[in-house]
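# Report on the structure
So you can see what is in the structure, the chains are spelled out below.
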Amino acid sequence: MFATLDQIFIILRNLVLGYLPEVVRPYVSVVLSVVCIVAVFPGLFALTTVFERKGIARIQNRLGPNRVGPFGLLQPIADGIKSLTKEDIVPTTANGAIHFLAPLVLVVAVFMGFAVLPMGRNMVLVDMDCALLFYFAMGASSELAVFMAGWSSRNKYSLLGAMRAVAQMISYEVILLLSGLAVVMISGSLSLTKIVEAQNVYTGWFPHWFIFTPWGLAGFVMYAIAATAETNRSPFDLPEGESELVAGYHTEYSGFKFALFFLGEYLAMFSISGLGATLFLGGWSAPFSFLSWVPSWIWFFSKLMLSIFVFIWMRGTLPRLRQDQLMNFAWKFVLPFTLYNLMVTALWRFMGDGWERWVACTALVIAGYVLLGRISMRREHFGPRSYRYAE
Amino acid sequence: MSIVFWFISAITIAGALFAVILKNTVHCALALTVAFAGLALLFLGLDAQFAGFTEIMVYIGAVAILVVFAILLTRGSETPKGSVYSRYSLTGLVAAAGVFAVFGWTVLESARSFPNVQETPSATAKEIGYALVGRYVLPLEIVALLLTVATIGAVIVAMHEKEGK
């Protein structure tokens, strides 16, 4: 019963494929999986917008959307109709073709990332050898879309927003890659399914998720910081700081193109949370061995929604960083610490299975964190700042 | 296979051509990106996943971004009024043709020079990793050192010198 429920989507797909001739089966199989991804995640996006507005409203002591449907649950449908029927305005000086292409490139690049995420046991669209590399390659291509949007709008706010976004995304992408690399070093594979399998092992009740190791915890925290910056979420939402830049790189977009940017941002959030869950939180594996009967995809999506909740929580709690703080934080603290964490991971890998490695690696991670923080704060003086480009 | 190959090749060559002949520098950079993407797809068509994805990550994610950043920061994004062809375009064409001829000749000769290489070599990420830190560790380290030196050099050249020091 539960095994059937676990594989329900695979069984349904095979059922549909059974009615078709042998020749078209592989193609239809791929199309079905793609349609599922393209339907499920935008649906989740619609839900998340309500969830986020409700959550932020609660944090700010308001009610949030409560007029459309019960508890405002139909708000995304109203928003969708609004953005579909709005006039699509393109500035006369804008670079037409690129202005049109930018949102499409962004959404396509973001959607590609979902192709390699294992969303449950046997539930992965393409199980490739270099899945992690593929994911980061697609993430890198979405930066270009941001630049295209900002540049083609011929608006200084757009351009500044795009420059900020690209600078930020490049800086934090390095951290994202390096913290993912620690996982690759331990599991010995770039394939995400193998990474999940390496974590789907239990000692007693407890799973061997990478977050429950000293290097994994440090790596996960760094990954979470980098992921927040990579998706331009608060407190790293400088590219769209509304008090400075109107709306950043999508200032000159309206109607459905704007909705596509919005969709792209949330989809990037989903996919990066999914990757974080896969790398550090055991992907689709259950948090306790006695809960393994719950279908694997439920665990994956629970972990994903939990990360989304943390994203929303942070947005409601933390103030926005300044540009120089953002860059200094990335290059002077997070990056050195991630590199240091890589060495701790290597030590963990070669210290064998005993308890010694737990003590040594925990001590090293804590010592590294404290020392790095102290050293970088020692020469910090809080006086007037000089702006190189804004004087 | 062959239709896909010809299609991707056409896109790659068109991207590379437009990168040279378009007037607006940012358009050129974006056309160059198309050429990079085409190259990556060609690698993927040859089943070289690692090379293909690295091509996308490094060339589209880093090099293309670097190019557009350089264009924007140096105010080169204004479209030039007159012709974009320099007086030396003919010399450039000859040099390019020469380089292309050498590359083409090398590729065509390679089959004869290495007769023992099998037709479809397997190149998984694991094998590439072992080769990089095993047999080719010295070149790797030299490249790493070179890149570090280049980075430090670039920072020193670009460093903002304070007055009175």
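Residues numbered from 1 in each chain as written. Chains lettered and ligands numbered in written order. Predicted model: local features only at pLDDT ≥ 70, side-chain atom pairs only at ≥ 80, totals over all residues. Heavy atoms only, no water.

### Brief notes about the overall build of chain A
Operational definition: Each helix is a run of H or I in the DSSP string that is no shorter than four residues. Each strand is a run of E no shorter than two, and both are numbered from the N terminus. Throughout, the radius of gyration refers to the C-alpha atoms, and the reference size of a globule is 2.2 Å times the residue count to the power 0.38. The cut-offs for exposure are 20% and 50% of the maximum accessible area for each residue type, with area from a 1.4 Å probe on protein chains only; residues under the lower value are buried, those over the upper are exposed, and the others partly exposed. The contact rule is simple, with two residues in contact once any of their heavy atoms fall within 4.5 Å. In this description, accessible areas are obtained by the Shrake-Rupley approach with a 1.4 Å probe, and a residue is regarded as covered only by the protein chains that are shown. By the counting rule applied here, Lys and Arg register as positive and Asp and Glu as negative, while His and the ends of each chain are not counted. A charged residue contributes its charge at one atom only: NZ of Lys, CZ of Arg, CG of Asp or CD of Glu.
In terms of regular secondary structure, chain A is built from 14 helices and 2 strands. Taking 391 residues into account, the globule formula puts the C-alpha radius of gyration at 21 Å, and chain A, at 22 Å, falls close to it. With the C-alpha coordinates aligned to their principal axes, the bounding extent of chain A is approximately 70 × 65 × 45 Å. Looking at chain A as a whole, 49% of its 391 residues qualify as buried. When contacts within chain A are restricted to residue pairs at least 6 apart in sequence, those whose partners lie at least 24 apart make up 76%. Just so you have it, chain A exposes about 19,300 Å², and 70% of that area is on carbon and sulfur atoms. Considering chain A, the positive charge centre built from 28 side chains and the negative charge centre built from 23 side chains are found 6 Å apart.

### Quick word on the side chain of Thr231(A)
By the element assignment, Thr231(A) lies in the loop between helix H9 (214-230) and helix H10 (242-245). Ignoring any residue separated from it by four or fewer positions in sequence, one finds Thr231(A) in contact with Glu265(A), Ala268(A), Met269(A), Ile272(A) and Phe311(A).

### Things to note about the confidence of the model for chain B
Residue and element names in this part refer to chain B. To be explicit about the condition: Note on scores: pLDDT gives the predictor's confidence for each residue, bounded by 0 and 100.
Summing up the model confidence of chain B, the mean pLDDT is 82 and the portion of residues at 70 or higher is 84%. The least confident element of chain B, judged by mean pLDDT, is helix H5 (residues 125-133) at 82; the most confident is helix H6 (residues 137-158) at 91. The ipTM for the predicted assembly is 0.79, set against a pTM of 0.85.

### Quick notes on the interface of chain B and chain A
The parts lose accessible area when they come together, and the size of an interface is often stated as this lost area. Note the cut-off: Two parts placed together each lose some accessible area; with a 1.4 Å probe, that loss summed over both constitutes the buried area. One speaks of a salt bridge when a side-chain nitrogen belonging to Lys or Arg is within 4 Å of a carboxyl oxygen belonging to Asp or Glu. Any N or O atom pair separated by 3.5 Å or less is treated as a polar contact, with the protein-specific requirement of one donor-capable and one acceptor-capable atom, and with residues adjacent in sequence counted only for side-chain atom pairs.
Contacts between chain B and chain A engage 25 residues on the former and 27 residues on the latter. Taking both sides of the interface into account, the surface hidden between chain B and chain A amounts to around 2,100 Å²; carbon and sulfur atoms contribute 80%. Taken together, chain B and chain A are joined by 0 salt bridges. Seen at the junction of chain B and chain A, the total is 0 residue pairs in polar contact (both at pLDDT 80 or more).

### Looking at the nonpolar core
All names here are of chain A. This is how the line gets drawn: To qualify as a nonpolar core, a set must consist of buried Ala, Val, Leu, Ile, Met, Phe, Trp, Tyr and Cys residues joined through side-chain atoms within 4.5 Å.
Judged by nonpolar contacts, the single largest core of 116 residues is most densely connected at Phe114, Tyr172, Leu192, Phe270, Leu275 and Leu279. Take this core: its biggest share by element is 16 residues, from helix H6 (residues 131-152). Beyond its immediate stretch of four places on either side in the chain, leucine 192 contacts Val116, Leu117, Pro118, Ala131, Leu132, Leu275, Thr278 and Leu279.

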